[in-house]
Amino acid sequence: MTFDVSRVRAAYPALSDGYAYLDGAAGTQVPSAVIEAIADAYRAGIGNAGGAFPASGRSDAILAECRRAIADLTGAVPEGVILGPNMTTLTYRLAETLSRQWGPGDEVVVSRLDHDANVRPWVQAAARRGAVVRWAEVDISTAELPPGQYAELLSERTRLVAVTAASNIVGTRPDVTAIAAAAHAVGALCYVDGVHATPHVPVDVGALGADFYATSAYKWSGPHIGTVVADPGLLETLSPDKLVPAPGGVPGRFERGTPGFADLAGVAAAVEHLASLDPDPKTATGSRRERVQASMAAVEHYETELFARLLGGLSAMGHVTLYGKAARRAPTAFFTVAGYTPREVAERLAARKVNVWNGDNYAWELTGAFGLRDSGGAVRAGLVHYNDRSEVNRLLAAVAELAPDGVR
Ligand SMILES: Cc1ncc(COP(=O)(O)O)c(C=O)c1O
């Protein structure tokens, strides 16, 4: 059965503005169901959590349902779902907390494939504790992160391995399962950045072997909320800084201050939206976990085909240089265009109603390794499940226009 992208697109009011939203890697648009869920929460009346009156009870219910929804999306349990404003804030919080157990001579392993949000919090925490940072390197010719190197990088002193499930610029999806297994073999924890992977593939934190898995709802059609999921038993062993009267249990003690309850209702609606994307009626009756897994498999299939068209078109252009060609990748292209800065390309594309990003996109280490960081990075065009062929064609036509005469 084919993925009905026009049905999907109709769910997103913002897509009717005529722009091709190929900027989803920096944040997606939001379907009506999510907008309505947020508005409905406010319409119904919500209060702060834990009170004796119904509006407070509604907030308690929203919070509980949000944890269940994220558990269904990731394969975690609701009691292990930590909520916060975004992935960066939560990762700093976890780095502060986990690094309390580190001392001089301990080691952490980070990768040059990662977004800086899964690098710097660990590097800075290591510096405070006198711990050593080891770097997993990217093969620049392919943008692969070879898992074999972890055998050399890990030792009985390794306390934590931080690695991404997908690069936010070149899409590389490294072998997290192998890397996590290697970390566990030396008694280290594995912190996986799932921000870029989650919108594109079915997620199963157990199968990945992730001790912590971070993702942000605004990358998968939800509002600006971040989450880290972990085994509640592991969370029980950790003591983040917290206010004395704030919840002392798990996961509440990792959450600071009052959350945006209405947005949390939007997160649950976004998971329901993802779960509804599978066009196959055979799976429509399953649990939300089953539906979301089937849907994301359909999304992965659809996006992979569309991405092949995008990559095929760009790689046929002599004035375009593409970065990365990993065997397994999220549908995200990173490229430069001869004769134009990345910003100029983005501006020319915007004039053709095509939204793309330019710059390092916070992939600080990787753009440095590519030698692009000081020259304005590159252009990033990313697909999500609401993008279609006509948008890819428009991108390709707009980039083709930038060819100098006779070069194409
Ligand atoms: C792969 C990846 N990791 C981490 C982040 C940071 O996420 P947040 O904006 O939720 O802090 C981003 C944001 O672009 C990202 O793409």
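What comes next is a walk through the structure. (Residues numbered from 1 in each chain as written. Predicted model: local features only at pLDDT ≥ 70, side-chain atom pairs only at ≥ 80, totals over all residues. Heavy atoms only, no water.)

Let's talk about the packing of aromatic side chains
Put simply, the rule is: When the centres of two rings from Phe, Tyr and Trp lie within 6.5 Å, Trp using its six-membered ring, the rings pair. Their planes under 30 degrees apart give stacked, over 60 give edge-to-face, and anything left gives tilted. Each helix is a run of H or I in the DSSP string that is no shorter than four residues. Each strand is a run of E no shorter than two, and both are numbered from the N terminus. Remark: exposure states derive from per-residue accessible area (1.4 Å probe, protein chains only) relative to the maximum for the residue type, with buried under 20%, exposed over 50%, and partly exposed in between. Criterion for a charge above a ring: Arg CZ or Lys NZ at most 6 Å from the ring centre, at most 35 degrees from the ring normal.
Under the definition given, this model contains seven aromatic pairs. Residues Y323 and F370 carry aromatic rings whose centres are separated by 5.1 Å and whose planes lie at 55° to one another, so their mutual orientation is tilted. Residue Y323 is found in strand β9 (residues 320-323), and its partner F370 is found in the loop between α13 (364-369) and β13 (378-382); the two are separated by 47 residues along the sequence. According to the relative accessible area criterion, Y323 is buried, its value standing at 17%. Given a relative accessible area of 11%, F370 falls into the buried group. Over the ring of W364 we find R373, and its NZ or CZ is 4.1 Å from the ring centre.

Description of the pattern of salt bridges
To keep things clear, this is the line we draw: Whenever a carboxyl oxygen of Asp or Glu lies within 4 Å of a side-chain nitrogen of Lys or Arg, that contact is scored as a salt bridge.
Going through the model one piece at a time under the given rule, you end up with 21 salt bridges. The salt bridge partner of E391 is R9, with a shortest N-O separation of 3.2 Å. Taken together, the positions of E391 in helix α14 (residues 389-400) and R9 in helix α1 (residues 5-10) put the pair 382 residues apart, joining distant regions of the chain. Across this residue pair, the class does not change: E391 and R9 are buried. Of the charged contacts, one joins R157 and D106 as a salt bridge, the two residues approaching to 3.0 Å between their closest N and O atoms. Taken together, the residues R157 in the loop between α6 (150-153) and β5 (158-164) and D106 in the loop between α4 (87-98) and β3 (107-111) connect sequence positions 51 residues apart. For D106, a relative accessible area of 8% puts it in the buried group. Here the salt bridges do not stand alone but share partners, grouping R112, D116, R120, E137 and E365 into one network.

Some points on helix α2 (residues 32-44)
So the rule is basically this: By this rule the span expected of a helix is its residue count minus one, scaled by 1.5 Å. The arc in question is the one traced by the directions running from the helix axis out to the C-beta atoms. Contact definition: two residues touch when any of their heavy atoms are within 4.5 Å.
Its 13 residues give α2 an end-to-end C-alpha distance of 18 Å, which sits within 8% of 18 Å, the value for a rise of 1.5 Å per residue. Listed in full, the buried residues belonging to α2 are V34, A37, I38 and A41. For α2, the arc enclosing every buried residue in end-on projection is 95°, short of the 170-degree limit, so these residues lie on one face. In the core, the buried residues of α2 are packed alongside α3 (54-74) and α10 (261-275).

Observations concerning the sheet that holds strand β4 (residues 132-136)
The cut-off we apply is this: A pair of strands is treated as paired once DSSP finds two or more bridges between them. To define axes, lines are fitted to C-alpha atoms, for helices over the stretch in contact only, and angles between the resulting N-to-C directions are given on a 0 to 180 degree scale.
Spatial ordering of the open sheet is given by β2-β8-β7-β6-β5-β3-β4, a layout of seven strands whose pairing is mixed. Each of the sheet's edge strands pairs with one partner strand only, and the pair in question is β2 (81-84) and β4. Direction aside, neighbouring strands of the sheet carry axes that sit 20° apart on average. Where β3 and β5 come together, three bridges link them in parallel fashion. Paired with E107 across the strands is T158, a residue of β5. Of the strands in this sheet, β2, β7 (212-216) and β8 (226-230) are in contact with α3, which crosses β2 at around 115°.

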